[in-house]
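Secondary and tertiary structure notes
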Amino acid sequence: MTSHLAAPRAAFIDAIRGGLIVSCQPVPGGPFDDPDSVVRFALATQNAGAKALRIEGVSNVAAVAAACSIPIIGLVKRDLADTPVRITPWIEDVKALAEAGATIIAFDATDRTRPVPVEDLIKAVHAQGRRAMADIATIAEARSAAGLGVDIIGTTMSGYTGMEPPPRAPDMDLVVQARDLGKPVIAEGRYNEPRLAAAAIRAGATAVVVGSAITRPEHITRWFVDAMAAETAIAQPVLAIDIGGSKTAVALVRGNGVVARRQVPTRPADGVEVWLQSIADMAQDWRGQYDGVAAAVTGLVREGRWFAVNPATLPVPARFDLASRLKGLFSGPVVAVNDAQAAAWGEYRFGAGQGRNLLFLTISSGIGGGIVSGGQLLHGSSGLAGHVGQMPMPTSGMQYHSLEEVASGFAIAAAARKAGHEADARAVFAAAAAGESWAECIINGSVNHLAAYLSGLQAVIDPQVIVIGGGVGLAPGYLSRLEKALSHFPALLRPSLKPALLGPNAGLLGAADLLNRQMMMAR
Ligand SMILES: CC(=O)N[C@H](C=O)[C@@H](O)[C@H](O)[C@H](O)COP(=O)(O)O
């Protein structure tokens, strides 16, 4: 049964290449926590195509080695008083696992206080004629383990070495970083869906370990229970913040209701600390009335950090750590998201696009947007998803203008100025309503540009509905003009338009709901 023990390293790697390794580690103390159950999981997954197994505990390794024919990655977990290192901390563990029948021996190779140096563990594994797998959390640890002669790198520990709870997604970036170190990389940790495991192989992983999603019914049950409970749970009260280029709003939000709301003008030149202080002042007497803070802000937000897309709108300092700053100012968990993305989510949850795949566009002084597809708010790889206002459009020759530059409220006012009328967008609409042909012409210019973009976006994203909001988008007559302009496009490229329903509260409600979902899932 254990002939693979003596196989050369290359043969082992070839045997697992592109394959699924199933970690059969029951929840400690749970109803599956005995060698017989571990063997049953191991046999079931071997029969279904697993290329190797990851087994914890010497007696479990011995039982599985006797019953299964595929290679075993063995480890021992210990909770020690003087070190955070749990996975195979001692040399004695290495020997016992080798004797029990493990082909590969995995150990924690993170850069933390440890009883035995990584180098000594690698030597001990090799002395037993086995392959050494370094469970790492960072690329620096992977590099160091590779330099010490480890045979395989596993991303196992990513997300588990800090104080924060582990993220929901696996760390695929670490796979991409580690794949060039000249060692096989096994993707491991939170590969909870087949599509994620397949993506890890595409990203360059030699194989993927999946544990909880296959062999921990307690975890799988919890995922379902929590996801479903989030749909019906009573929403917690949230302090919602909206920082835009012209106004800053704060609100106490519960579910789809704004309980109280305050607003001040944003003065871009004041700087971020003054903007945040004005929020703290407005929310001062709401202390104790909310369970977390949800921020919707103009610009890009990536992992809690804030970046300006257009510094002229709001000069945000580069990579400003908004989430940490809000944690310092207020109590409870924090979520930070782009304002138009938050508004898209708000309209999806409570507004004009409830439960439907949608593209949301806010057309006011600027133009922003957000996409909800398959029940997910799309952020994109850098947070840019939905920034339709930035889409370039050729105007004449090699000149390009963004949609914002040709169709927004600013663009309407600029066109009026060019035509000799000192009027903002509101005044242009009023002039059009009074029958002024110059104003009609300017509004049609904005509408025609937008129609071309929307029909292009319909082809790319294919949403069920495009929700239009913002002072210009909802100005009398704008939407009907847009429908008319779109009627010239082929039926397939003609979106179904709907006016937004949540007005200036869309971002506040959307951000608050995103935080609520996060809080419910964390419970
Ligand atoms: C961090 C740590 O101790 N991970 C352990 C390592 O052996 C196991 O508890 C995990 O289940 C295993 O890594 C597979 O990951 P997932 O269950 O997410 O598919």
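Please read these numbers as outputs of a predicted model, since none were measured by experiment.

1. As for the site of the ligand
Near the ligand you find 15 residues, and of these Ser23, Tyr160, Arg190, Gly211 and Ser212 are the closest. Looking at side-chain class alone, the shell around the ligand contains seven nonpolar, six polar and two charged residues.

2. Let's talk about helix H16 (residues 425–433)
Three or four residues apart is the spacing at which side chains of an α-helix point the same way, because the helix has 3.6 residues per turn. Of the positions making up H16, those classed as buried are Ala425, Val428, Phe429 and Ala432. Angularly, the buried residues of H16 cover 100° about the axis, an arc narrow enough to put them on a single face. Where H16 is buried, its residues touch helix H15 (409–418) and helix H17 (437–461).

3. Considerations on the pairing of strand S22 (residues 465–469)
Working note: regular strand, side chains alternate between the two faces of the sheet. Extensive coverage of S22 is indicated by the burial of four of its five residues. Pairing of strand S17 (residues 358–363) with S22 involves five bridges; the strand directions are parallel. Residue pairing for S22: Phe360 is matched across the bridge by Val467. In the sheet, S22 pairs with strand S23 (residues 497–499) via three bridges, with the strands oriented parallel. Each residue of the ladder has a partner; that of Ile468, found in S23, is Pro499.

4. Details of the environment of Val309
With respect to the helices, strands and loops of the structure, Val309 is situated in the loop between strand S14 (305–307) and strand S15 (320–321). The spatial distance from the C-alpha of Val309 to the C-alpha of His387 is 9.3 Å, given a sequence separation of 78 residues.

5. Let's talk about the domain arrangement of the chain
Looking at the chain, the domain boundaries give domain 1 (3–223), domain 2 (238–341) and domain 3 (352–500). For domain 2 and domain 3, the distance between their C-alpha centroids amounts to 26 Å. Listed by partner, the interface residues are ten residues for domain 2 and 15 residues for domain 3. Among the elements of the structure, strand S13 (300–302) and helix H13 (339–350) are those that each provide at least two residues to the side of domain 2 that touches domain 3. Of the residues that constitute the side of domain 2 that touches domain 3, the class distribution is four nonpolar, four polar and two charged.

6. Thoughts on the sheet that holds S22
Reading across from one edge, S19-S18-S17-S22-S23 is the order of the five strands in this open sheet, with mixed pairing throughout. The open sheet has two edge strands with one neighbour each: strand S19 (376–377) and S23. Relative to strand S18 (residues 367–373), S17 is paired through six bridges, and the arrangement is antiparallel. Following the sheet pairing, Thr362 is matched in S18 by Gly368. In this fold H13 packs onto S17, S18, S19 and S22, with an angle of close to 50° to the strand it touches most, S18.

7. Section: H13
Look at H13: 16 Å from first C-alpha to last across twelve residues, which is about the 16 Å you get at 1.5 Å a residue. Along H13, eleven of the twelve residues are buried, which leaves the element largely enclosed by surrounding structure. Within H13, the full set of buried residues consists of Asp339, Ala340, Gln341, Ala342, Ala343, Ala344, Trp345, Gly346, Glu347, Tyr348 and Arg349.

8. Quick word on the confidence of the model for the chain
In this model, the chain carries an average pLDDT of 94, and 98% of its residues clear a pLDDT of 70 or more. Quick note on the complex model: pTM equals 0.72, ipTM equals 0.99.

9. Digging into the environment of Lys183
Mapped onto the elements of the fold, Lys183 is located in the loop between helix H7 (172–178) and strand S7 (185–188). The class for Lys183 is buried, based on 21 C-beta atoms found within 10 Å. In this structure, the C-alpha to C-alpha distance between Lys183 and Met282, residues 99 residues apart in sequence, is 55 Å. With sequence-adjacent residues up to four places away left out, Lys183 is seen in contact with Ala146, Val150, Ile152 and Ile153.

Quick notes on the rules
Residues numbered from 1 in each chain as written. Predicted model: local features only at pLDDT ≥ 70, side-chain atom pairs only at ≥ 80, totals over all residues. Near = placed C-beta within 6 Å. Nonpolar A, V, L, I, M, F, W, Y, C, P; charged D, E, K, R; others polar. Buried ≥ 20, exposed ≤ 12 C-beta atoms within 10 Å, placed from the backbone. Helix = DSSP H or I, 4+ residues; strand = E, 2+ residues; numbered from the N terminus. Arc of directions from axis to C-beta. Contact = placed C-beta atoms within 7 Å. Pairing = 2+ DSSP bridges. Domains from an automatic or database assignment. Axes fitted to C-alpha atoms, helices over the stretch in contact; angles between N-to-C directions. Expected span 1.5 Å × (residues − 1). pLDDT = per-residue confidence, 0-100.

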